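Close look at the chain arrangement
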Amino acid sequence: EAAAGRIGELAADAAAEATEMAALSPAALPTASPAALRPAVAGRVSPRPAEEAVRAALAEHMEQLEHRIDFLNLCVVNASLTLTQAQLDVLWNRCVVHGADAGERDLIFRWVEQARTNSPAIDAESTRYLFARAAELPAETLSPTGYACIEYLFRWINWREQRFAQKDHSHVSVLEVPLYGISALWAAALRARDEAVGLRAVRFLVLLHHSLRLSPARAQQQQRELVGECMSALDAAAGRLRELGEARAHEASPRGPRSADTELERQQLCLCAERCLTLLRLFVVEVEKRTALVEGGAAPRRHGACVRGAPMSVQVMLGGGAPVGPRPTVAVHANQTVGDLRVKVWRELSAAATAAGEPPPPDPRALRMIACGRELKEDWRLLGDLKLREPHAVHVIRRPEPAVANGAPASTDMDMECAADGPAEVVAQGSGSGEDGAQSSITLLEIGDNFDTLFGLLTLSEERLSTRAWQLLMMLPTNRGMRAGLAELPALGQQPDWPSLLHEGPCAFKLLYSLQIVDALLQEGEAAAPVEGTGMTPQAARASPAWFGAFVAHGGLRHLLKLLTAPQDDLLGARRGSQRKACLVLLLRVVAQFLLEEGHVTPPQTSTVQPAPPDALAPAPSDAPASAPADPSTGPVPPDPPWTLRSFASLRDASLVSLVHEVCLVDHLMALIERVALSGPAAEGTDGEAARAEPPTPGQADGAAPADGAPAADGIDVQIAREALRLLVACARAAASPEAAADEAHGAGALLGDGARLRSWMRSMLLRCGVADVRAETCAALYALARADVPGELTGAGAVPATGSGTAAGARSVSAALCTFARELLALLPPAEAESTHSQQFFELLHTLVAACAGCILPGLPPAELFGTVLQLEVSHQVLERRDAPDDVDQELVGYLRLLLLLLRTHPELKRWRIGEAPGAPPVGLIGCFSDDLFQLPSAAEARSLGAHAPPKCKTRTSRAVALALLAELADGEPANLARLVELHLAQQLARGGDGPAASRLASLWHYAPTLQERARCGYVGLKNLGATCYLNSLVQQLFMVPEFRAALLALDIPPPARSPVTDGADSPERVAGGCDVLYHLQLIFGHLQESEKRWCDTRDFCASFRDFENMPISPSVQMDVDEFLNMLFDQLETGLLATPTPKLLQSLFGGAVVNQIIDKAGCRLSERMEPFYVLSIEVKGKASVLDGLAQFVEGEPLEGDNKYKCDDGTYVEATKRCCISALPPVLILHMKRFEFDFDLMKKMKLYDHCEFPQVIDMAPYTVGHLEAEEAAANGGAASPLAGEEAGCMYELAGVLVHTGTSDSGHYYSFIKERRTERPGAHAWLHFNDTLVEPFDALDIAKCCFGGIEPVVQWDADAAKPVQRNHIKPHSAYMLFYERVERKPAAGLADPELLGEPEARNSVGRGALVEPAMLRTNPVARVAVPDHIIHEVWDENMEFLRDRYLVDALHFDFLHRIVAMAL
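Chains are numbered independently. Their residues run from 1 in the order of the written sequence. Given that this is a predicted model, residues contribute local features only at a pLDDT of at least 70 and side-chain atom pairs are listed and counted only at 80 or more, while totals for whole chains, interfaces and linings are drawn from all residues. Heavy atoms from the whole structure form the basis of all side-chain values; hydrogens and water molecules are not counted.

As for the overall build of the chain
Helix and strand definitions here come from DSSP, where helices need a minimum of 4 consecutive H or I residues and strands a minimum of 2 consecutive E residues; each element is numbered from the N-terminal end. When its secondary structure is counted, the chain shows 58 helices and 29 strands. Here a residue-residue contact requires only that any non-hydrogen atoms of the pair lie within 4.5 Å. In the chain, of all internal contacts separated by at least 6 residues, the share reaching a separation of at least 24 is 74%. Surface exposure of the chain reaches about 63800 Å², of which carbon and sulfur atoms provide 55%. Here the accessible surface of atoms and residues is derived via Shrake-Rupley with a 1.4 Å probe, and residues count as covered only by protein chains that are part of the display.

Take a look at the structure:
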């Protein structure tokens, strides 16, 4: 008893001390003055700023509080003690209610869980009391730890009262309702600002309501209450948001800022509504899962699954011993479920088995389906959500016996959004009944105004809420009332109120929902099967001819056309919501199904236009003559584009022509398509989050992100253009009808009658539109209208017959359209500079239209005139292609060349054309003109000034292939042209060396490929590794990237070495000459790095001129420490600079000084010794960052005891010996000492320690001036340390030299930042690794340079699964290059946070990875180079540029054909 009493006293004392410590940290502490904080930080030698003192005091307070809580926990665990409610109140009030910060509150929350679990300190009554206190806390500020405590207490109390049972955290059972304290969970779910808290509470509520072990009636009632609670909260939030919006609209200045209280209330209401919608979505998903587990259970079909998504063709691959035979293909769409696919596959296999006389699978569940390496078990999932890779293939294995559902595996992808926010441990398995699940889903339809509530959310101005509500509507069954109203049209005796029936309004969501129902009713066959759970009979649910006719007869089609021809702002205005474009796509598609004879055939939903079936194709024109055999050398021109194979449907009925003309559909469609084309992807970004949330197809149910590789922002524009152009083509073709002939203002007249309007529309669609697929769709439509070889389409079943002469009139109309289109396209030449990049489809269409004419002859435009016009455009065309951008094809140039090639093939007499023919002047043939386009080389001065834009015109593979084909065509059949061509190319070959040494040198390079050895696209040149010279390459690149050093070195007048480097003793007088040789060869390397056009330059001469300490040249096969090499290099450069006008060049850029001091206790300097440096060596071992290494560098060493300092007078005194920085250089080089000698192993070892370094560093604390000022201030003096910016000590990281490997072998490379470019603030980082030069993301510096360990996932054979292990990173920074900044950096970079910290990562951002400025074309980075180096480098460059165009596979094929012609 005495011991227990003593322990009780100790526990009480510990609680009292914890209370006292908690009282030290109220909110007043952060505002205390530094003087008031000094008692709390007693024992610290130097004063700190107030903020640092506050943080230190809070950290010390938390440490002491943790010690006392641990001691209190020890007392209550080791004795049967129970804390009273008064003692709990003390802890709760001091640490939770009045806690200094969230860390203090979380400490108590964790202690409550631990004490409740491991000790009797908190009994049942106290547990309920603490839960009540926790439920009183503001739910808005609840932390994840606080919520975890509340949920733990909730579980424990209900388990104690036998209302709740659990197998583990996610397998629970609710035995009785109501559950105690569930209102606290609702508060956290709907009001917690922390996203993790809200989602965890939402998941737990869904778990509870799907784990009811009650009677079906009671379980259904509880689930109704869950739905009702959410709907009530949504109603209240939506109503209040509308009030706030109306109040905002009636304010005097609606654009002014909202008050803080109003904005906070709006945010809280939006948060509550989002949480309710997320809860309902999770609830519905879980209902679908559980219903699928029940034998024979079928969940109500989603509304989104009834809407057609992107079509998918799934190939069935049979496995499991099935006989090899034809593989069936199943047609589905993205909004169908895995269960739908399973049923279709089962039917296909059953039919095949029956036909073969084999037993079919008993039911769909007897089939296992595997796709992309995983089994498709969850029949409720949408096929679009699976993100199957094309081509879609499913492996099917027949089970040996019928499948029995034993439970669905836990899925971590329950909710598209929730899964991204944290682990998705959602619900227990097998806790509820399947019947209850099915009943629960219907509950959403049975409760009052649920659909009205969700539809009401669609009209709110908050796009995020309306999008979430739309996603939920797509997950629910189709509204029975809305479907019944549309399906019962045949029974109506009068015209319905279409605006009400289609739910029109300012927002596009309701109209889209109604159009989806219409589209579902229009589907034929199996896709239009009755929807389960809707109560519709098959006759009412399935679209029939009677329903189709009733819809048209009651004015439905006319009303849809009225919607389609409304002002464009009513269709595409931002107020229509994020689904406005999806609604327009579906509106166009539904109208097409009523108007077109093939309305049930939907065009491909992918971004690439798919060809039509072969029997529907018309012969397409070709560039090659019909009689000429296929030859690779004659066919560089790509085949006809896919859009030439497209077929378009005509109007379904002749009676529809007048209706189309009445509403001026052609004019409206042209204006609509033009607006969509000119809006482009950039216009989507104006809608912010809403635009990004738009699904790629109007039927996408859950608003999930588009599949991999599918377009998002511009994909919906392509669909609008495709559907609108289908209607436009059909309406324009209907111009041949009698109704159209009487009205010239409509139909084709709108296209062909107004030439200026047509020309403007073509320019917008083919040149100004930024989406290539929209331009391709336009080409397909115009070509379908223009081609004269498809009379069958105009006279097929259901087509409108032409007046007068039957099909001939239709053919003449198409021919007129072809001539009109071709002339209007020619009138648009040449395209503007901004339009040239978008001209590929324009020239493809022009080429195809000209080729479609007989003999390429347009009425009124002779071929010679057309040829002369195009030739003049080609000759005057500027050089646009760049050598460093082989993928950027000049489509305008290619278009001109293709047209000329087409005309030459059809009119051979044009091959004798002469350019600039005048009296007294020699004519210039086409051979010379086009040879210049291919092989004309600029002068060295022109190449230097123009850079990558220098001639020739044709640089890319595409343009050169067409130009070579043009030259070959000119020579074919024309001996004069052939002789001229052979003469020019023979001269080119002889210019490469003929029979001299140059020719033999090139012949020896059997692997010579100049196109693979061009300068890197980022604009920089690498250095060749001669074996083990990576240390040299990485260091030279660092020095070259210092603009001041590069400019100063290249400005020196250094004569070439007069004799070869000496190899005798190190003390010989030739040592000075060797230093000059190194300086000259380094200057030569710098000249190559700036001026060379090749990928790399050779350092062989530099290595031969460099001398080591034994006066021997560098051995390329021997690795050297880069720090040692730097000291040797600077030593020899200093020697060589003595004979130049700038002997102190290295000292002025890289030279600093340190001072070694001995100071006695009184602060007197007993000794000082200055020492220059180029590199500061920093300790890495045991250091978290370079800052710690620098702090150790200036840390004093005490001289005391036997190690006292002996003064000049012979006395011994106690003193401090330290080394600090006296002078800082403009470029500071830090050497990180990652190699040390292990005396135990007697070998050199590498340190792999994790050592961080800052992006911006303040070197002031390590300078002698700062340290002396600190000491003076500590001794009561008036001096104060200067800030780093005022003292000129702020440095920014500019380069990192990395070593990877071990102490015995390894590799060096560099990461370097561009400096002093034309774009300040947007400098790029580059990766220099020998010959490789590429952009580098600054965010990866921490991963690539800090060293330490990294987690690696590897396959464990014993465990038979991949496991994660920690491996040592072989790569780490070895040298750091910092540059002094003259002004304070941006706010995000001023604080020297490490790159690995979140603040620094946010400050750098992905914007730091920009396209590097081209060195050759950047006048800031480019500096003067000595003339002799210019001549040497550019002589080599000109040979290389000539070889670039001559040593090429295309050129070899061309020469082969020319020689064959000559022979």
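So much for the structure itself; the text now carries on.
Brief notes about the sheet that holds strand 12 (residues 1152-1160)
Only strands joined by at least two bridges in the DSSP assignment are considered to pair. Within the open sheet, the four strands sit side by side as 13-12-18-15. Their pairing is antiparallel. The open sheet terminates on both sides in strands that have one partner only, identified here as strand 13 (1165-1173) and strand 15 (1197-1199). When strand polarity is set aside, the average angle formed by the axes of neighbouring strands in this sheet is 25°. Pairing of strand 12 with strand 13 involves eight bridges; the strand directions are antiparallel. The partner of Ile1158 across the bridge, within strand 13, is Ser1167. On top of the sheet, helix 52 (residues 1186-1194) reaches strand 12 and strand 18 (1215-1223); it is set at about 120° to strand 18, its chief contact. Where helix 53 (residues 1264-1274) meets the sheet, its contacts fall on strand 12, strand 13 and strand 18, and the angle it forms with strand 18 comes to roughly 130°. Geometry is summarised by axes, namely lines fitted to C-alpha atoms with helices restricted to the contacting stretch, and by angles between N-to-C directions that run from 0 to 180 degrees.

Brief notes about the nonpolar core
The biggest cluster of nonpolar side chains holds 240 residues, and the ones touching the most others in it are Trp111, Leu560, Leu564, Leu595 and Phe930. The element best represented in this core is helix 11 (residues 260-293), accounting for 13 residues. If sequence neighbours within four positions are ignored, Leu595 has contacts with Leu557, Leu561, Ser650, Leu651, Arg652, Leu656, Val660, Leu665 and Leu727. Residue types Ala, Val, Leu, Ile, Met, Phe, Trp, Tyr and Cys, when buried and joined through side-chain atoms within 4.5 Å, form a set referred to as a nonpolar core. For each residue, the accessible area found with a 1.4 Å probe, counting protein chains only, is set against the maximum for its type, and the residue is called buried under 20%, exposed over 50%, and partly exposed in between. Grouped together as the second largest cluster of nonpolar side chains are 72 residues, Leu1050, Val1078, Leu1084 and Cys1103 included.

A few points about the environment of Arg944
In this structure, Arg944 sits in helix 42 (residues 940-946). It is 7.9 Å that separates the C-alpha atoms of Arg944 and Glu1091, two residues lying 147 residues apart in sequence. Side-chain atoms alone can form a polar contact between residues adjacent in sequence; in general such a contact is a pair of N or O atoms within 3.5 Å, and within protein one must be able to donate a hydrogen while the other accepts it. Of note is the side chain of Arg944, whose polar atom sits 2.8 Å from the side chain of Glu1091.

Considering the pairing of strand 25 (residues 1325-1329)
Most of strand 25 is tucked away, with five of its five residues classed as buried. Across the two faces of strand 25 the burial is the same, with Trp1325, His1327 and Asn1329 and Leu1326 and Phe1328 all buried. Alignment of strand 24 (residues 1306-1313) against strand 25, held across four bridges, turns out to be antiparallel. Along strand 25, the bridge assignment pairs Ser1310 with Phe1328. Sheet analysis places strand 25 next to strand 26 (residues 1332-1336), joined by five bridges and oriented antiparallel. Paired with Phe1328 across the strands is Val1333, a residue of strand 26. Hairpin geometry of strand 25 and strand 26 is characterised by an intervening segment of two residues between the two adjacent antiparallel strands and by a positive phi of about 55° at Asp1330.

What to know about the sheet that holds strand 7 (residues 393-398)
What the five strands build is an open sheet, ordered 4-3-7-5-6; its pairing is mixed. Both edges of this open sheet fall to strand 4 (329-333) and strand 6 (374-375), since each of them pairs with a single strand only. Where strand 5 (residues 367-371) and strand 7 come together, four bridges link them in antiparallel fashion. Counterpart to Met369 in the pairing with strand 7 is Val396. This element, helix 13 (residues 338-355), spans strand 3 (311-318), strand 4, strand 5 and strand 7 of the sheet and lies at about 120° to strand 5.

Points about the packing of aromatic side chains
Each pair of aromatic rings taken from Phe, Tyr and Trp, with Trp reduced to its six-membered ring, is defined by centres within 6.5 Å and is described as stacked if the planes are under 30 degrees apart, edge-to-face if over 60, and tilted in the remaining cases. A complete count under the given rule lists 30 aromatic pairs for this structure. Each ring, one from Trp156 and one from Trp159, has its centre 6.2 Å from the other, and the planes form 55°; the classification is tilted. Of this pair, Trp156 and Trp159 both sit in helix 7 (residues 144-160), three residues apart, which is roughly one turn of that helix. Here Trp156 falls in the buried class, since its relative accessible area comes to 13%. Seen in terms of ring centroids, Tyr1308 and Tyr1374 are 6.1 Å apart; in terms of plane orientation they differ by 55°. Their pairing is tilted. Of this pair, Tyr1308 sits in strand 24 while Tyr1374 sits in strand 29 (residues 1371-1380); the two residues are 66 residues apart in sequence, bridging distant segments of the chain. The same class applies to Tyr1308 as to Tyr1374, namely buried. The structure contains a cluster of three or more aromatic residues connected by ring pairs, namely Phe1040, Phe1045, Phe1086, Phe1130, Phe1150 and Tyr1174. Geometrically, a lysine NZ or arginine CZ counts as sitting over a ring once it is within 6 Å of the ring centre and also within 35 degrees of the ring normal. Note that Arg128 overlies the ring of Tyr180, its terminal NZ or CZ placed 4.1 Å from the centroid.

A word on the packing of helix 39 (residues 863-876) against helix 40 (residues 891-906)
Across the interface, helix 39 lies against helix 40 with an axial gap of 10 Å and an inter-helix angle of 150°. The orientation of helix 39 with respect to helix 40, classified from their angle, is roughly antiparallel. Handedness of the helix 39/helix 40 crossing: left-handed. On the side of helix 39, the interface is formed by Pro863, Leu866, Phe867, Val870, Leu871, Leu873 and Glu874, while helix 40 contributes Leu893, Tyr896, Leu897, Leu899, Leu900, Leu903 and Leu904. The scheme is simple: roughly parallel for angles under 35 degrees, roughly antiparallel for over 145, roughly perpendicular for 65 to 115, oblique for anything else. Each crossing gets its hand from how the near helix is turned against the far one by less than a right angle, where anticlockwise is left-handed and clockwise is right-handed.

Some details on the pattern of salt bridges
For salt bridges, the criterion is a side-chain nitrogen of Lys or Arg within 4 Å of an Asp or Glu carboxyl oxygen. Summed over the entire model, instances satisfying the criterion amount to 49 salt bridges. Note that Arg218 and Glu176 form a salt bridge whose closest N and O atoms lie 2.7 Å from each other. Residue Arg218 is found in helix 10 (residues 216-250), and its partner Glu176 is found in the loop between strand 2 (171-174) and helix 8 (182-191); the two are separated by 42 residues along the sequence. Glu1436 is paired through a salt bridge with Lys1094; the nearest N and O atoms lie 3.3 Å apart. Residue Glu1436 is located in helix 57 (residues 1427-1446), and its partner Lys1094 is located in the loop between helix 48 (1070-1091) and strand 11 (1096-1097); the two are separated by 342 residues in the primary sequence. Judged by relative accessible area, which is 30%, Glu1436 ranks as partly exposed. Among the charged side chains, a network of salt bridges with common partners joins Asp89, Arg133 and Glu136.

Details of unusual backbone geometry
Look at the link from Leu829 to Pro830: it is a cis peptide, with omega at -10°. Mapped onto the fold, Pro830 is located in the loop between helix 36 (807-827) and helix 37 (833-836).

Quick look at the side chain of Asp1448
Examined against the element boundaries, Asp1448 turns out to sit in the loop between helix 57 and helix 58 (1449-1462). Think of it this way: Lys and Arg go in the positive column, Asp and Glu in the negative one, and His and the chain ends go nowhere. Buried and unpaired, Asp1448 has Arg957 as its nearest opposite-charge partner, separated by 4.5 Å. In contact with Asp1448, not counting residues within four places along its chain, are Arg957 and Thr1011.

So, the environment of Ile69
Within the secondary structure, Ile69 is located in helix 3 (residues 50-77). Taking the relative accessible area as the measure of exposure, Ile69 reaches 3% and is therefore buried. Sequence separation of Ile69 and Leu107 is 38 residues, and the distance between their C-alpha atoms is 8.6 Å. Ignoring sequence-local partners within four residues, the contact set of Ile69 consists of Leu91, Leu107, Ile108 and Trp111.

A closer look at helix 18 (residues 463-475)
Compared with the 18 Å implied by 1.5 Å per residue over 13 residues, the 19 Å span of helix 18 between its first and last C-alpha is a close match. Of all 13 residues that make up helix 18, eleven are buried, and the element is covered over most of its length. Residues of helix 18 that are buried: Leu465, Ser466, Thr467, Arg468, Ala469, Trp470, Gln471, Leu472, Leu473, Met474 and Met475. What a helix is expected to span follows from its residue count: subtract one and scale by 1.5 Å.

Some remarks on the pairing of strand 18
Pairing of strand 12 with strand 18 involves eight bridges; the strand directions are antiparallel. Bridge pairing links Val1155 to Cys1220 in strand 18. With three bridges connecting them, strand 15 and strand 18 associate as antiparallel partners. Pairing of Pro1198 across the sheet is with Thr1216, part of strand 18.

Comments concerning the environment of Gly1201
In this structure, Gly1201 sits in the loop between strand 15 and strand 16 (1205-1206). Residues Gly1201 and Val1213, twelve residues apart in the sequence, show an inter-C-alpha distance of 9.2 Å.

Description of a nonpolar patch on the surface
Patch membership requires more than 30% relative accessible area and the absence of a salt bridge. Residues of like charge join within 9 Å; the nonpolar side chains Val, Leu, Ile, Met, Phe, Trp and Tyr join within 5 Å. Residues Phe1237, Phe1239 and Met1242 make up a contiguous nonpolar surface patch of roughly 370 Å² in combined accessible area. Structurally, Met1242 is set in the loop between strand 20 (1235-1238) and strand 21 (1243-1246).

Focus on helix 24 (residues 556-564)
With seven of nine residues buried, helix 24 is to be regarded as a mostly interior element. Restricting attention to buried positions, one finds in helix 24 the residues Gly556, Leu557, His559, Leu560, Leu561, Leu563 and Leu564.

Interpretation note: all reported values are geometric properties and have no functional meaning in isolation.
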